[in-house]
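# Fold and contact review
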Amino acid sequence: MKTATEWGQFFDEFAPTYDRDAFSGAGLANVSARELDAIRTAFAFRTPGDVLDLGAGTGRITRLLTGMGWNATAADNSPQMLTRLRAEMPSLRALHARLGEPLPFADASFDAVVSIRVLKYVADVDCALAEIARVLRPGGLTVLEITNAHSLARFGYRDEPVHFLTKRGMDTAMKKAGLTPDAHAAGTRLPHTAWTRARSRRAADGVKTVERALGWMLGGDTRAIGARSVIVVGHRT
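All values reported here derive from a predicted model rather than from experimental measurement. (Residues numbered from 1 in each chain as written. Predicted model: local features only at pLDDT ≥ 70, side-chain atom pairs only at ≥ 80, totals over all residues. Heavy atoms only, no water.)

### Some thoughts on helix H4 (residues 60-67)
This is how it is decided: Working definition: with a 1.4 Å probe on protein chains only, accessible area under 20% of the residue-type maximum means buried, over 50% means exposed, and in between means partly exposed. Helix and strand assignments come from DSSP, with helices taken as H or I runs of at least 4 residues and strands as E runs of at least 2, each series counted from the N terminus. Any pair of residues with heavy atoms lying within 4.5 Å of one another is described as a contacting pair.
Where H4 is concerned, the buried positions are Arg60, Ile61, Thr62, Leu64 and Leu65. On its buried side, H4 packs onto helix H2 (18-23), helix H3 (26-43), strand S1 (50-54), strand S2 (71-76) and strand S4 (110-115). Trailing H4 by a residue or two, Gly69 shows a phi angle of about 100°, which is positive.

In structure tokens, the structure reads:
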């Protein structure tokens with residue numbers, strides 16, 4: 001497992017091409033759209049307030065939430081990612097912070113915390129969740145994504161030093177931290193390379209057809225069986 005400092009350096013080097021490498025092409029755009037749809041659904045019936053985007057990167061989710069009327073604070077482990085984000089959103093409150101370590105925010109500072117594509121890089125998940133609970137106001141919303149240890153798609157990571165969790169393990173860890181899991185949504189079920197290679201809309205539609213069939217066989221989104229990632233929606237207890 002890489003240290004938090006090493007991950008920060010990794011994403012510093014990745015920052016100039018991050019948006020292209022992570023979201024370009026029809027397949028990757030589809031994965032991103034599904035994540036954003038899950039966030040919209042989770043926030044749909046919440047009155048806008050203060051939200052923390054942990055692992056904000058170049059601001060994909062921050063922009064979504066500000067567009068929904070939320071007062072967003074962005075935090076990331078990569079100074080270069082934050083430089084790009086500040087250039088695009090100069091009035092945004094954006095701070096350097098590492099999930100899995102003490103966060104630079106007072107207790108009960110936020111009405112919601114969202115962290116997508118981040119926990120897999122965190123060695124101390126218990127600390128991460130305890131800090132999320134600490135900075136949330138009572139009843140505050142959490143939208144957190146894990147990389148599923150019970151998915152064959154996890155092998156698409158090969159030897160990359162990422163941290164895997166089970167849906168049940170995440171639920172248990174959240175409860176220990178003072179967070180209540182309320183709902184789960186399955187992310188993609190196929191290895192990331194399948195989506196990366198689907199550059200055209202036609203190719204992406206083919207991958208989506210396979211994905212839907214696999215999801216139907218494995219029980220659908222509500223059970224999140226076999227999903228490469230799982231988005232867990234909860235609240236501070």
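### Observations concerning the pattern of salt bridges
Where we set the bar: Each reported salt bridge corresponds to a side-chain nitrogen of Lys or Arg within 4 Å of a carboxyl oxygen of Asp or Glu.
Enumeration over the complete set of coordinates arrives at 13 salt bridges. Arg40 serves as the salt-bridge partner of Asp37, at 2.6 Å between the closest nitrogen and oxygen. Remark: Arg40 and Asp37 occur in helix H3; sequence separation between them is 3 residues, near one turn of the helix. With a relative accessible area of 42%, Asp37 lands in the partly exposed category. Salt bridges sharing partners connect three or more residues here, namely Glu35, Arg60 and Arg117.

### What about the sheet that holds strand S6 (residues 179-186)?
Pairing between the strands of a sheet comes from backbone hydrogen bonds, and it takes one of two forms, parallel or antiparallel. Put simply, the rule is: In this description, strands pair whenever DSSP reports at least two bridges between them. In this analysis an axis means a line fitted to C-alpha atoms, helices contributing only their contacting stretch, and an angle means the value between N-to-C directions, from 0 to 180 degrees.
Spatially, S3-S2-S1-S4-S5-S7-S6 is the arrangement adopted by the 7 strands of the open sheet, whose pairing is mixed. Of all the strands in the sheet, just strand S3 (93-96) and S6 have a single pairing partner and so form its edges. The sheet shows a mean angle of 15° between the axes of neighbouring strands, direction not considered. The pairing of strand S5 (residues 136-147) with strand S7 (residues 229-236) spans 7 bridges and is classified as antiparallel. In the sheet register, Ile146 faces S7, and the bridge partner there is Val230. On top of the sheet, helix H6 (residues 125-135) reaches S1, S4, S5, S6 and S7; it is set at about 150° to S5, its chief contact. Packing of helix H7 (residues 167-177) onto the sheet brings it into contact with S5, S6 and S7, and relative to S6 it is tilted by some 155°.

### What to know about unusual backbone geometry
With the exception of glycine, most residues fall at negative phi, and the peptide bonds are largely trans. For Ala108, which is not a glycine, the phi torsion comes out positive at approximately 55°. In this fold, Ala108 is placed in the loop between S3 and S4. We classify Ala108 as partly exposed; its relative accessible area is 31%. Unusually for a residue other than glycine, Arg117 sits at a positive phi of about 60°. With respect to the secondary-structure elements, Arg117 resides in the loop between S4 and H6.

### Re the nonpolar core
Across soluble globular proteins, you tend to see nonpolar side chains buried next to one another. Stated precisely, the cut-off is as follows: Residues belong to one nonpolar core when they are buried, are Ala, Val, Leu, Ile, Met, Phe, Trp, Tyr or Cys, and are joined through side-chain atoms within 4.5 Å.
Core analysis: the largest hydrophobic core is formed by 31 residues, its most contacted members being Leu52, Leu54, Leu99, Leu119, Leu129, Ile132 and Met170. Mapped by element, the contributors of at least two residues to this core are S1, S4, H6, S5, H7, S6 and S7. Core analysis: the second largest hydrophobic core is formed by 25 residues, Ala38, Leu65, Leu92 and Val114 among them.

### Some words on the side chain of Glu35
To keep it simple, the criterion reads: Counting of polar contacts relies on pairs of N or O atoms within 3.5 Å, with two restrictions inside protein: one atom must be capable of donating a hydrogen and the other of accepting it, and residues adjacent in sequence are counted only when both atoms are side-chain atoms.
Considering the arrangement of structural elements, one finds Glu35 in helix H3. Since its relative accessible area comes to 7%, Glu35 is described here as buried. Here the side chain of Glu35 touches Arg117 through a polar contact of 3.0 Å, side chain to side chain. Those residues in contact with Glu35, other than ones at most four positions away along the chain, are Arg60, Ile116, Arg117, Glu145 and Ile231.

So far we have only geometry, and geometry alone does not tell us how the molecule works.
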